[in-house]
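What the coordinates show
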Amino acid sequence: MLKLLLPIDGSERSKQSIDWIEKRYNPSDVQVTLLIVREDLDYLRSKEQFEEAKKEVLPILHESSEILEGFDVKKEVRFGRAGEEILSYAEDYDIDTIVMTKSTKSGWVSTIGSVTTHVVKYAKSIVVIVPESMKK
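Read on for an overview of the structure. Keep in mind that what you see is a predicted model, and the values were worked out from it rather than measured.

1. Description of the overall build of the protein chain
Check the secondary structure of the protein chain and you find 4 helices and 5 strands. Along its sequence from the N terminus, the protein chain presents helices and strands in the succession β-α-β-α-β-α-β-α-β. Counting every position in the protein chain, which comprises 136 residues, the buried fraction comes to 39%. A fraction of 76% describes how many contacts in the protein chain between residues 6 or more apart in sequence connect residues 24 or more apart. Of the accessible surface of the protein chain, which amounts to about 8,000 Å², a share of 48% is contributed by carbon and sulfur atoms.

Rendered as structure tokens:
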């Protein structure tokens, strides 16, 4: 079974990656891990604070997993620098393919964002970058 890692943030562009997976893979052939990385929580010190921070993003994970009905979906939350956490998860769980979406930023960084650039540069697995304005 092919293991796919899909870092998401709840944005419309991350939903495009979910749609891309749904249209290209047979549910019986892949396991999809939806991963949210919280970078904004340097102040967390206790287990209770971490659990509360996880609860804040559970609706995003739940909504995203509903789109992939019929697929084997795991939901994960990590804390730290997004690029490093994505790579660490991919390596720890022998991920075959990481699926990411282009950034919505304008200017010279519009090709891909800094997190995606980091992942592409250091990943030991295949990285697929889904265009933001993907044809359905």
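2. Structural notes on the side chain of Ser65
In this structure, Ser65 sits in helix H2 (residues 47-67). Here His62 takes part through its backbone oxygen, which lies 2.9 Å from a polar atom of the side chain of Ser65.

3. Thoughts on the nonpolar core
Counting 18 residues, the largest nonpolar core has Leu6, Ile8, Ile21, Val32, Leu34, Leu68 and Val99 as its most contacted members. Within the residue set of this core, elements represented by two or more residues are strand E1 (2-7), helix H1 (12-24), strand E2 (30-38), H2 and strand E5 (126-130). For this core, the leading source of residues is E2, giving 4 residues. Every residue in contact with Val99, bar those within four places of it in the chain, is listed here: Leu5, Leu6, Pro7, Ser17, Trp20, Ile21, Val128 and Val130. If you look at the next biggest cluster of nonpolar residues, it comprises 12 residues, including Leu5, Leu87, Tyr89 and Ile98.

4. Thoughts on the pairing of strand E4 (residues 97-101)
Within E4, 5 of the 5 residues are buried, leaving the element largely enclosed by the surrounding structure. Both faces of E4 are covered, namely the face carrying Thr97, Val99 and Thr101 and the face carrying Ile98 and Met100. Both E1 and E4 contribute to a ladder of 2 bridges, which runs parallel. Paired with Leu5 across the bridge in E4 is Ile98. Pairing analysis gives 5 bridges linking E4 to E5, with the strands arranged parallel. Opposite Ile98, over in E5, you have Val127 as the bridge partner.

What counts as what
Residues numbered from 1 in each chain as written. Predicted model: local features only at pLDDT ≥ 70, side-chain atom pairs only at ≥ 80, totals over all residues. Heavy atoms only, no water. Helix = DSSP H or I, 4+ residues; strand = E, 2+ residues; numbered from the N terminus. Buried < 20%, exposed > 50% of the residue type's maximum accessible area, 1.4 Å probe, protein only. Contact = heavy atoms within 4.5 Å. Areas by Shrake-Rupley, 256 points an atom, 1.4 Å probe, with all protein chains shown as cover. Polar contact = N/O pair within 3.5 Å; in protein donor to acceptor, adjacent residues only side chain to side chain. Core = buried A, V, L, I, M, F, W, Y, C linked by side-chain atoms within 4.5 Å. Pairing = 2+ DSSP bridges.

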